[in-house]
Number of protein chains: 2
Amino acid sequence: MQRRKFLTGAAVGAAAASTTIAAPAIAQSMPEIKWRLASSFPKSLDTIYGAGEVLAKRVAEATDGKFQIRVFAGGEIVPGLQVLDAVQNGTVECGHTVSYYYVGKDATFGFDASMPFGANTRQQNSWLYHGGGMALMREFFAKYNMLNFPCGNTGTQMGGWFRKEIKTVEDLKGLKFRIGGYAGKVLTKLGVVPQQIAGGDLYPALEKGTIDAAEWVGPYDDEKLGFNKVAPYYYYPGWWEGGPCVSALVNKNEWEKLPKHYKAVFEAAAAEANLDMSAKYDVLNPPALKRLIANGTQLRPFSKDIMLACYKAAQETYAEECAANPAFKKVFDHWSAYLAEQRSWFSVAEAGFDNFMLYGIPKK
Amino acid sequence: MQRRKFLTGAAVGAAAASTTIAAPAIAQSMPEIKWRLASSFPKSLDTIYGAGEVLAKRVAEATDGKFQIRVFAGGEIVPGLQVLDAVQNGTVECGHTVSYYYVGKDATFGFDASMPFGANTRQQNSWLYHGGGMALMREFFAKYNMLNFPCGNTGTQMGGWFRKEIKTVEDLKGLKFRIGGYAGKVLTKLGVVPQQIAGGDLYPALEKGTIDAAEWVGPYDDEKLGFNKVAPYYYYPGWWEGGPCVSALVNKNEWEKLPKHYKAVFEAAAAEANLDMSAKYDVLNPPALKRLIANGTQLRPFSKDIMLACYKAAQETYAEECAANPAFKKVFDHWSAYLAEQRSWFSVAEAGFDNFMLYGIPKK
C-alpha cells in the first residue's frame, strides 16, 4: 500500500523562509495521496462496479490529480464479500460494497443498504442524508473502525429468475434460491432454502439445476449474466431491495489523515456517484428489459398472496431480531417509524403523479 | 463584481526561482476566485434557496476556501425571475433558478426543469445525466451564453390551494390560478386564467380573492407561506411538476476561465446539492402535511376527468408548440420518447414495490 508523500509543515516552512511566496500554506493544501479501493464487483458490471471509478475519477479531477484512488475489482485484492474486513483492518483505505453482504456479522448492516419491505431509492437517500439514518449508521460503523458514504443505488431490483412458475406460497417450499442479504432469513420461514453463491458461479448453478432460482440486480446486469438463457420466468418486485444503497466504506484512521478539503471532495464525489449510478441504471434498464422480453423472457409479478406471506414473515423476523440484538432494534425502530411517515407522504403527490402516468394516460 | 485575484505563472516563476519548492505549479493550482450567485428564491425558503448555499459551501470547502461563491437571495441583485438574464449578461457569474420561469422567452427552457405530464424526479435526473437530455439542453443554453447544471429537485409538487372545491372540468372555467411555468398555457385551453405573481405577493392575493387558487411547491414551503389559512382545499398531484429540476446556470465566459479542477469541484457539488435538496424536501414534507391536515386542510385529488382533460390539453399545446418552434420540437421528440420507455420500466419493479408498500401492506 502506498502512503502519502508530502512535505511536512516544518520542512516546507524552513525551505520557504527565503522567498516571498506563502509557500507553506499552498504546498500543504494539495498533498499527494494515493488510496486503494477494493470493489465487491466485477469490472464487467460497468454500472455497479463503475460507481467506484466515477468516485475515483472525480476525486482525482477535483484535486488536480493529487488525491488518487485506484479501484480494484472484486477478487483482485480481496474477494468481493470480504471488502468490509479489508477496510476494517487497513488492507485497503476504502471499499465499494453493499453493506447487507455483512448481515452475517450483524443484521444491523442491512439498514445501510436495504432491508425487506423497506425504503425505495428516494426514501433510502432521505433517511440517510437528512432523516437521521446517517448518524445511526455512522455510530454503528464506528465499531468497525470505518465510515460509510452512500455511493450508488440500483433502484428497485427485480425478484429474480425462476426455472418454474411460482404461483402460490406453497411453491416456495424447498426452493433453492440464491438471494443476497437479509431476505434469505425471511424466506426460510416460508420453506425456501437460501443459497449464498458468488456472482460468477451463478449462471452454471442455475443452468445445471443446482439451484432453482437466482436474483441479482435488474434487466441490464441480469442480461449480461445470461440468466434469461437458463430460467424463463422473471419475477418482480424484489421486495427485499426497494432502493438498495451501495456504499463507499472508508477506514477511520485513513479518513482522519485526510486534509479537510480532501474530505469535502470525497464526500461530494460519493454523493455524485450515488446519484449517477441510479441515473445510469434508469437509462440502461428499460431497453434491456425490452430485449429480454423480445427474446422470450416471461415477466411475472409475485402474487398478492406471496407478497403478503413474505411481508408477514419479514415482520416476524424483525421482531425476533429486535428481541435478540439491541443495536438492530435501535436502528429498526427509527427506520420503521421514518418509513411509515414517508409512505403517508408518497401516497399523495408522488403516487398520484406516477400512477396516473403509468396507468391513467390514454394508450396511443 | 469581484474578479479573480491570483498570481500569474510568470510572476510566481520569477519569485520562486530562488527556492527549492516547486511553487509555480502549486500556486497556480489553487487560485483565489470569487463568484456571485443570484438565487431566484427568498432566504426564508431554506430548502430551495438553501441548495445554492449547499453548492457554495461545498465548493469553498473542497477548494480549501479558494473558490468562494457568495449567494444572494431573489431581489438582492436582480429580481427572482430575472436570474437568467443576469447570468447571460454577466451581472453575476452564476444563478440558481428554475428554467421554466423563462418559457416566455422560449418554451424549450421548460425541459430543463419540468413539463406537464413529464418526468418524475428519478426520470428527470436520468434523462439529464445519462439519457441524452443534458447534451440537448446544453446546446440550447449555449445560445444564451451559459451552461446548466442540475442543482436541486423538489419531488412531485402539490396541485395547489383552492378557495373552492374543483369537482369537474367545468369548475376550472374562469378560475384565476397562480401557476408557474408552461402549465398556464395548458390550462388556458380549459378556461383557466393563469396569473403570474411573485412568491411574496401570493398570500395577500389569495386572501383577498384577487385570485382563486395558487400553487407553490409542497407542504413544507406552502405551510411557511401560510396558504392554508386562506384556502381550505389542497389538491394533488401537481401534474405539471412531476420532478422539477432546479438549475445552477453559469455564464460561459466565466466557466471557461475556471481551472479544470475547479470545474470538477463545481460539477460534483452541484450534483450533490441536487440530491441533497430532494432528500431534504422528502424529510420535511411528511410532517408538514400532517400538521396542515391536523389544522383543517382538506386534501383532494384532482378527479380522473380533470386529469384526463388536462392531459389532452397538454398534448394539444405540445403539438402546437412543436409546429411553431423547431428548437422545442427537437427536445420534445427526444424527451417524450425517453419518458415512454421509462414508464414501461417503472411500471414493473418500481411501481410493483411502491404500490405494495403504499396500498398493499396490512394496516396496523
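The rules we used
Every chain begins its residue count from 1, and numbering advances along the sequence as written. Chains and ligands are labelled by the order in which they are written, letters from A for the one and numbers from 1 for the other. Local features are withheld for residues below a pLDDT of 70 in this predicted model, meaning they are given only at 70 or higher, and side-chain atom pairs are given and counted only at 80 or more; totals for whole chains, interfaces and linings count all residues. Water and hydrogen atoms were dropped before computing side-chain values, which therefore reflect all heavy atoms in the structure. By convention, a stacked pair of Phe, Tyr or Trp rings (six-membered ring in the case of Trp) has centres within 6.5 Å and planes under 30 degrees apart, an edge-to-face pair has planes over 60 apart, and any other such pair is tilted. Secondary structure counts use DSSP, requiring at least four H or I residues in a row for a helix and at least two E residues in a row for a strand, with both numbered from the N terminus. Burial here depends on accessible area, computed with a 1.4 Å probe over protein chains only, as a share of the maximum for the residue type. Under 20% is buried, over 50% is exposed, and the range in between is partly exposed. We count a charge as sitting over a ring when the NZ of a lysine or the CZ of an arginine lies within 6 Å of the ring centre and within 35 degrees of the ring normal. Here, residues are in contact when the closest pair of their heavy atoms is within 4.5 Å. Buried surface area refers to the total accessible area, computed with a probe of radius 1.4 Å, that the two partners give up upon joining, counted for both partners together. Basic side-chain nitrogens of Lys or Arg form a salt bridge, by our definition, when they fall within 4 Å of a carboxyl oxygen of Asp or Glu. Pairing of N or O atoms within 3.5 Å defines a polar contact, subject to two protein rules: one partner must be a possible hydrogen donor and the other a possible acceptor, and residues neighboring in sequence count only if both atoms are side-chain atoms. Each residue receives one of three labels: charged for Asp, Glu, Lys and Arg, nonpolar for Ala, Val, Leu, Ile, Met, Phe, Trp, Tyr, Cys and Pro, and polar for the others, Gly being one of them. Nonpolar cores are built from buried Ala, Val, Leu, Ile, Met, Phe, Trp, Tyr and Cys residues. Side-chain atoms within 4.5 Å join them into one set. Helix span, as expected, comes to 1.5 Å for every residue beyond the first. Bend angle per residue: angle between axes fitted to the 7 residues ending at that residue and the 7 residues starting there. When DSSP finds two or more bridges between a pair of strands, those strands are recorded as paired. By convention, orient the strands away from the viewer: a clockwise path from the first strand over the helix to the second makes the crossover right-handed. Least-squares superposition of the copies uses the C-alpha atoms of those residues scoring a pLDDT of at least 70 in each of them. UniProt positions are given in the numbering used here, feature names are shortened, and annotations may be inferred rather than shown by experiment. As a rule, the C-alpha atoms of each element are fitted with a line to give its axis, helices using only the stretch in contact, and angles between N-to-C directions run from 0 to 180 degrees. In predicted models, pLDDT denotes the confidence assigned by the predictor to each residue on a 0 to 100 scale. For this classification, under 35 degrees means roughly parallel, over 145 means roughly antiparallel, 65 to 115 means roughly perpendicular, and everything else is oblique.

All right, on to the packing of aromatic side chains then. Inspection of the entire model under this criterion finds 72 aromatic pairs over all chains. Between Phe117 of chain B and Trp239 of chain B the ring centres are 4.8 Å apart and the planes differ by 5°, which places this aromatic pair in the stacked class. Of this pair, Phe117 of chain B sits in the loop between helix 5 (110-113) and helix 6 (121-129) while Trp239 of chain B sits in the loop between strand 9 (233-236) and strand 10 (245-251); the two residues are 122 residues apart in sequence, bridging distant segments of the chain. In this pair, the class of Phe117 of chain B matches that of Trp239 of chain B, namely buried. Put simply, the rings of Phe117, Phe162, Phe177, Tyr235, Trp239, Trp240, Phe302 and Tyr311 of chain A together with Phe356 of chain B pair up and form one aromatic cluster. Between Arg138 of chain A and the ring centre of Phe149 of chain A, over which it is positioned, the NZ or CZ distance is 4.6 Å.

The subject of this paragraph is the interface of chain B and chain A. Across the contact, 85 residues belong to chain B and 85 residues belong to chain A. The largest per-residue losses of area from chain B upon contact with chain A belong to Leu275, Trp345 and Phe353 of chain B, which jointly make up 10% of the total buried on that side. Counting the contacts that link chain B with chain A gives six salt bridges. Where chain B meets chain A, there are 15 residue pairs in polar contact (both at pLDDT 80 or more). Mapped by element, the contributors of at least two residues to the side of chain B that touches chain A are helix 1 (9-16), helix 2 (23-29), helix 3 (50-62), helix 6, helix 12 (260-294), helix 13 (304-324), helix 14 (326-346) and helix 15 (349-360) of chain B. Each residue belonging to the side of chain B that touches chain A can be placed in one class, and the counts come to 44 nonpolar, 26 polar and 15 charged.

This next bit is on the nonpolar core. Judged by nonpolar contacts, the single largest core of 248 residues is most densely connected at Phe266 of chain A together with Phe266 of chain B. In contact with Phe266 of chain B, other than residues within four places in its own chain, are Trp35, Leu55, Val59, Phe67, Ile69, Phe149, Ala248, Val250 and Trp255 of chain B.

Residue and element names in this part refer to chain B. Between its first and last C-alpha atoms helix 12 spans 52 Å; for 35 residues at 1.5 Å apiece the expected length is 51 Å, and the two agree. Of all the bends in helix 12, the greatest, near 30°, is centred on Asn285, and the proline Pro286 appears no more than four residues after it. The element helix 12 is extensively covered by neighbouring structure, given that 26 of its 35 residues are classed as buried. Backbone geometry just downstream of helix 12 places Gly296 in the positive-phi region, at approximately 110°.

A few words now on the sheet that holds strand 8 (residues 213-214) of chain A. Residues and elements named next belong to chain A. Read from one edge of the open sheet, six strands run 7-6-8-5-9-11, paired in mixed fashion. Edge strands, defined here as strands with exactly one partner in the open sheet, are strand 7 (193-195) and strand 11 (298-301). Of the pairings in the sheet, the one linking strand 9 (residues 233-236) to strand 11 comprises four bridges and is parallel in character. In the strand pairing of strand 11, Tyr233 is matched with Gln298.

Residues and elements named next belong to chain A. When you tally the buried positions in strand 1 (residues 33-39), you get five out of seven residues, the bulk of the element. For strand 1 and strand 2 (residues 67-72), the ladder comprises six bridges, and the chain directions are parallel. Bridge pairing in strand 2 links Trp35 to Ile69. Tracing the backbone out of strand 1, into helix 3 (residues 50-62) and back to the parallel element strand 2 gives a crossover that is right-handed. The pairing of strand 1 with strand 3 (residues 94-97) spans three bridges and is parallel. The partner of Leu37 across the bridge, within strand 3, is Cys94.

Turning next to the pattern of salt bridges. The tally for this structure, following the rule as stated, stands at 45 salt bridges over all chains. Linking Arg58 of chain B and Glu267 of chain A is a salt bridge whose minimum nitrogen-to-oxygen distance equals 3.6 Å. Taken together, the positions of Arg58 of chain B in helix 3 and Glu267 of chain A in helix 12 (residues 260-294) put the pair across two chains. Judged by relative accessible area, Arg58 of chain B falls into the buried class, the value being 10%.

Moving on, we get to the relation of the copies chain B and chain A. Copy one and copy two of the chain differ by a rotation about a common axis and a shift along it. The two copies are related by a screw motion: chain B maps onto chain A through a turn of 180° and a shift of 0.0 Å along the axis, at an RMSD of 0.0 Å. Within this description, the copies of the chain are treated as partners about a two-fold rotation axis. Most of the interface of chain B is mirrored in chain A, where 100% of its interface residues again form contacts.

Another point: the UniProt feature "binding site: Na(+)" (unreviewed entry) in chain A. Residues and elements named next belong to chain A. Those places that UniProt annotates as "binding site: Na(+)" (unreviewed entry) correspond, in this numbering, to Trp216. By secondary structure assignment, the location of Trp216 is in the loop between strand 8 and helix 10 (219-225). Dropping the residues within four chain positions of it, Trp216 is found in contact with Leu45, Gln157, Arg178, Gly199, Leu202, Asp221, Asp222, Leu225, Phe227 and Glu241.

Residues and elements named next belong to chain A. Within the open sheet, the five strands sit side by side as 2-1-3-10-4. Their pairing is mixed. Two strands close off the open sheet at either side, each with one partner strand: strand 2 and strand 4 (146-153). The mean angle between the axes of side-by-side strands here comes to 25°, regardless of whether they run parallel or antiparallel. For strand 4 and strand 10 (residues 245-251), the ladder comprises six bridges, and the chain directions are antiparallel. Counted as the bridge partner of Pro150 is Ser247 from strand 10. In this fold helix 6 (residues 121-129) packs onto strand 4 and strand 10, with an angle of close to 155° to the strand it touches most, strand 4. Where helix 12 meets the sheet, its contacts fall on strand 1, strand 2, strand 3, strand 4 and strand 10, and the angle it forms with strand 4 comes to roughly 30°.

With that out of the way, let us pick up the confidence of the model for chain A. Residues and elements named next belong to chain A. Averaged over all residues, the pLDDT of chain A is 92; the fraction at 70 or higher stands at 92%. Note that pLDDT drops below 50 for residues 1-27; the model gives that stretch 45 contacts with residues more than four away or on any other chain. ipTM for the predicted complex: 0.92, alongside a pTM of 0.92.

Further remarks concern the packing of helix 7 (residues 133-142) of chain A against helix 14 (residues 326-346) of chain A. Residues and elements named next belong to chain A. At a minimum axis separation of 10 Å, helix 7 and helix 14 run at an interaxial angle of 170°. When the interaxial angle is binned, helix 7 and helix 14 end up roughly antiparallel. Of the residues in helix 14, those in contact with Gly133, Leu136, Met137 and Glu139 of helix 7 are Lys330, Val331 and His334.

Turning our eyes to something else, we now look at unusual backbone geometry. With omega at -10°, the peptide bond leading from Tyr236 of chain A into Pro237 of chain A counts as cis. Its location among the elements puts Pro237 of chain A in the loop between strand 9 and strand 10. The phi dihedral of Asn145 of chain A is positive, around 60°, even though this residue is not glycine. Here Asn145 of chain A shows up in the loop between helix 7 and strand 4. Among the residues examined, Asn145 of chain A registers a relative accessible area of 23% and is labelled partly exposed. If you check the backbone angles, Phe117 of chain B has positive phi at about 55° while not being a glycine. Accessibility expressed as a relative area gives 5% for Phe117 of chain B, which makes it buried.

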